[in-house]
Amino acid sequence: MCGIFALFSRDRASAPVLGAIAAVRHRGPDDEGTVVFAGDCAAPHVFAGPDTPAAMRTGRLPYLPGPQPGEHFPEGAFLALAHRRLSILDLSEAGHQPMCSDGGRLWIAYNGEIYNHVEVRAELEALGHRFHSSSDTEVLLAAWLQWGRDALQRLDGMFAFVLFDRAQRRLFAVRDRFGIKPLYFWVTPGGGLAFASEVKQFAALPGWRARVNGQRVYDFLNWGILDHASDTMFAGVGQLRNGEMIEVDLARGPAVVQGATLERRQWYALAGAPFRSEEHTSELQ
């Protein structure tokens, strides 16, 4: 279990991020990190935090933070990704997140486990990809570079992640086939867009006010059902459902989410099939 957070905003997107990711320290006590994008994204700003191990600050990989924890985020920041890590695969500094792909085009904050990452890695290596870690996160990044959105169809596992493509200036938020890993989102009053592993992370953002969604509370109290809809018990807070993704064109600026309904895409749907019982058929004959 890890914790992720992402914020796209016109007003110094990174400012509330540290509080939002600190709220889920219990999900990832082993490591933390933040990456902030400003201007033309030419040089992402990578920051450590109080729980970032010293080893993470001395490596040479491009997604590793510098020797000092980040305190002052850059002017003009419009996007931040943050991560709390529970180390499972590749316990070294090479497993640090947010992580970038070779060349730095893609950046990701990822929670989950890809069960067939070894097989996918072998396929990608045969296509010429090279890896710096043994993490499934790096496999996911390479797979997205190779196949784009179609990479999702090749992955077996449970995951929720937010991925930023610097070249296309597009943000992708994805939840696994069966919704095992959570991913919530909230459109801020100022037209920003936030994604989080837990709803309480939104409390760190300006303009947040917890309000009850009466219909979903009724569903739970009366029928005992939960997470059956795209909205949640918190008014204004949505969730990606199983097998869903959201794609946002950040080149359009904050207007892309202000007052608009985010477009969801069903990247996976369980295909139905008619049931035929041979035993039952023979009895009828």
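First things first, this report covers the structure right here in the doc. Everything quoted here is computed from the prediction, not taken from an experiment. In every chain, residue numbers begin from 1 and rise along the written sequence. Under the rules for a predicted model, residues below a pLDDT of 70 receive no local features and side-chain atom pairs below 80 are neither given nor counted, while totals for whole chains, interfaces and linings still include all residues. Values shown for side chains rest on all heavy atoms present in the structure; no hydrogens or waters enter the calculation.

A closer look at the overall build of the protein
As a reminder, the rule being used: Secondary structure is summarised from DSSP: a helix means a run of H or I of at least four residues, a strand means a run of E of at least two, and numbering begins at the N terminus for each. It is over C-alpha atoms that the radius of gyration is taken, and the globule rule equals 2.2 Å times the number of residues to the power 0.38. Residue contacts are counted whenever heavy atoms from the two residues lie within 4.5 Å of one another. In these tables, accessible area is a Shrake-Rupley quantity obtained with a 1.4 Å probe, and a residue counts as shielded only by the protein chains included in the view.
When helices and strands are counted, the protein shows five helices and 13 strands. Here the C-alpha atoms of the protein give a radius of gyration of 20 Å, agreeing with the 19 Å that 2.2 N^0.38 yields for 285 residues. With the C-alpha coordinates of the protein rotated into their principal frame, the extents come out at 75 × 50 × 35 Å. Sequence separation of 24 or more characterises 62% of the internal contacts of the protein that already satisfy a separation of 6 or more. Approximately 13,400 Å² of the protein is accessible, and the part contributed by carbon and sulfur atoms is 52%.

Details of the sheet that holds strand β5 (residues 99–100)
Defined as follows: Pairing between two strands requires that DSSP report at least two bridges joining them. Only C-alpha atoms enter the line fits that serve as axes; for helices the fit covers just the stretch in contact. Angles between N-to-C directions range over 0 to 180 degrees.
An order of β5-β6-β7-β8-β12-β13 is seen for the six strands of this open sheet, with the pairing classed as antiparallel. Edge positions in the sheet fall to β5 and β13 (264–266), since each of these pairs with one other strand and no more. Where strand β12 (residues 244–249) and β13 come together, three bridges link them in antiparallel fashion. Bridge pairing in β13 places Met-245 opposite Arg-265. Along the sheet face, helix α3 (residues 136–147) touches β5, β6 (106–114), β7 (157–165), β8 (170–175) and β12 and points at about 125° away from the line of β6.

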